[in-house]
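Survey of secondary and tertiary structure
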Amino acid sequence: MNKMTTDEIISRLNLVPLVNEGGLVAQTYLSEETYENRRCGSAIYYFLTKDSFSHLHKLSADEIWHYYYGDAVEILQIDDKTGQHKISKLGINLLDGETPQVLIRKNTWQGARIKNGGAFGYTLMGTTMSPSYMEKDFILGEQNEMLKRFPNISEEIKKFTGEKIYK
C-alpha cells in the first residue's frame, strides 16, 4: 500500500473540521432505529495530524475508537468523579501496548493526540457510539476549569486543551 498524503485522505473521505473538538470528521453511519430521543448508533471517520488533537471533552454515551491508518494515538481518559486517569494507546503495535480499539465509557473526559515520533504525521481513526452521538450532549473541557479540578495531571491536561486545530 502506498502512503497517502493528508490532502488525499481528506479529499477521498470528504473530511470537514470538527468545530467543537479539533481534527477532521465525516459521519459514516446513523441508525434509522431510535430509542427514546436518539438514534441507536452512529459512526464517524476521525482524522488528526501531528499539529491537531482531540480537545478534552465528555459525552453521554459510550464511545469506541478504532484505528485505521497512520501513526499511533494517545488517548487520555479522566474519570469525572474520582479524577483517576490513564493514557491508552490506539494503534496496531500490540507488543508496544497499543490496541486497535479503545473504549471510552460515558461521562469520562477524553482527548487524543498522535504519539510523538510517528512516520506519517497523521492518523485516520473512527469512532462508534451507542446510543448515537448528539451534539447537545458534548461537553467541552475548558483548560482553566480542568486544571482546577485535576491539578495532579496539569501537564497532561495542557496537552489536550487549548486552541482547536483542524489540520
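Residues numbered from 1 in each chain as written. Predicted model: local features only at pLDDT ≥ 70, side-chain atom pairs only at ≥ 80, totals over all residues. Heavy atoms only, no water.

Moving on, we come to the sheet that holds strand β8 (residues 73–79). Pairing within the open sheet is antiparallel, and its five strands lie in the order β9-β8-β11-β6-β13. The outermost strands of the open sheet, each flanked by one partner alone, are β9 (85–90) and β13 (139–140). As paired elements, strand β6 (residues 54–58) and β13 share two bridges and run antiparallel to each other. Within β13, the position partnered with H57 by the bridge is L140. (Pairing = 2+ DSSP bridges. Helix = DSSP H or I, 4+ residues; strand = E, 2+ residues; numbered from the N terminus.)

Here we take up the pairing of β6. Along any regular strand, the residues point their side chains to alternate faces of the sheet. A large share of β6 lies buried, amounting to five of its five residues. The pairing of β6 with strand β11 (residues 108–114) spans two bridges and is classified as antiparallel. Following the sheet pairing, H57 is matched in β11 by Q110. (Buried < 20%, exposed > 50% of the residue type's maximum accessible area, 1.4 Å probe, protein only.)

On to the UniProt feature "domain: DUF985" (unreviewed entry) in the protein chain. In the numbering adopted here, UniProt assigns the feature "domain: DUF985" (unreviewed entry) to residues 8–139. Annotated as 4% helix and 52% strand, the span residues 8–139 places its first and last C-alpha atoms 31 Å apart. (UniProt positions renumbered as here; feature names shortened; annotations may be inferred.)

So, on to the nonpolar core. Y46, L48, W65, Y67, V73, I75, L90, V102, I104, A112, I114 and M125 together form the largest nonpolar core, which totals twelve residues. Broken down by secondary-structure element, the contributors of at least two residues to this core are β5 (42–49), β7 (62–70), β8, β10 (101–104) and β11. (Core = buried A, V, L, I, M, F, W, Y, C linked by side-chain atoms within 4.5 Å.)

Quick look at the sheet that holds β7 now. As summarised here, the arrangement of the six strands in space is β1-β2-β5-β12-β7-β10, forming an open sheet in which the pairing is antiparallel. Two strands in the sheet have a free side with no partner beyond their single neighbour: β1 (16–17) and β10. The sheet contact formed by β7 and β10 spans four bridges and is antiparallel. Each bridged residue has a counterpart across the sheet, and for E63 the counterpart in β10 is I104.

So, on to the pattern of salt bridges. Tallied over the entire structure, the rule returns eleven salt bridges. For D80, the salt bridge is made with R149, and the minimal N-O distance between the two is 2.7 Å. Remark: R149 occurs in helix α2 (residues 143–149) and D80 occurs in the loop between β8 and β9; sequence separation between them is 69 residues. (Salt bridge = Lys/Arg side-chain N within 4 Å of Asp/Glu carboxyl O.)

In this structure, E98 sits in the loop between β9 and β10. Judged by its relative accessible area of 8%, E98 falls in the buried class. For E98, the side chain forms a polar contact with the main-chain nitrogen of I92, separated by 3.2 Å. Contact partners of E98, with chain neighbours within four places excluded, come to A72, K89, G91, I92, N93 and K115. (Polar contact = N/O pair within 3.5 Å; in protein donor to acceptor, adjacent residues only side chain to side chain. Contact = heavy atoms within 4.5 Å.)

Here we take up unusual backbone geometry. Note that the residue after S130, namely P131, is joined by a cis bond; omega there is -5 degrees. Within the secondary structure layout, P131 lies in the loop between β12 (122–130) and β13. You will see that N14, though not glycine, has its phi angle at about 55 degrees, which is positive. Tracing the sequence through the fold places N14 in the loop between α1 (6–12) and β1. Relative accessible area serves as the criterion here: at 59%, N14 is assigned to the exposed category. Although it is not a glycine, N107 adopts a positive phi angle of roughly 60 degrees. With respect to the secondary-structure elements, N107 resides in the loop between β10 and β11.

With six bridges connecting them, β8 and β9 associate as antiparallel partners. Along β9, the bridge assignment pairs E74 with K89. In this structure, the hairpin formed by β8 and β9 is closed by a connection of five residues, where G83 is found at a positive phi of approximately 80 degrees.

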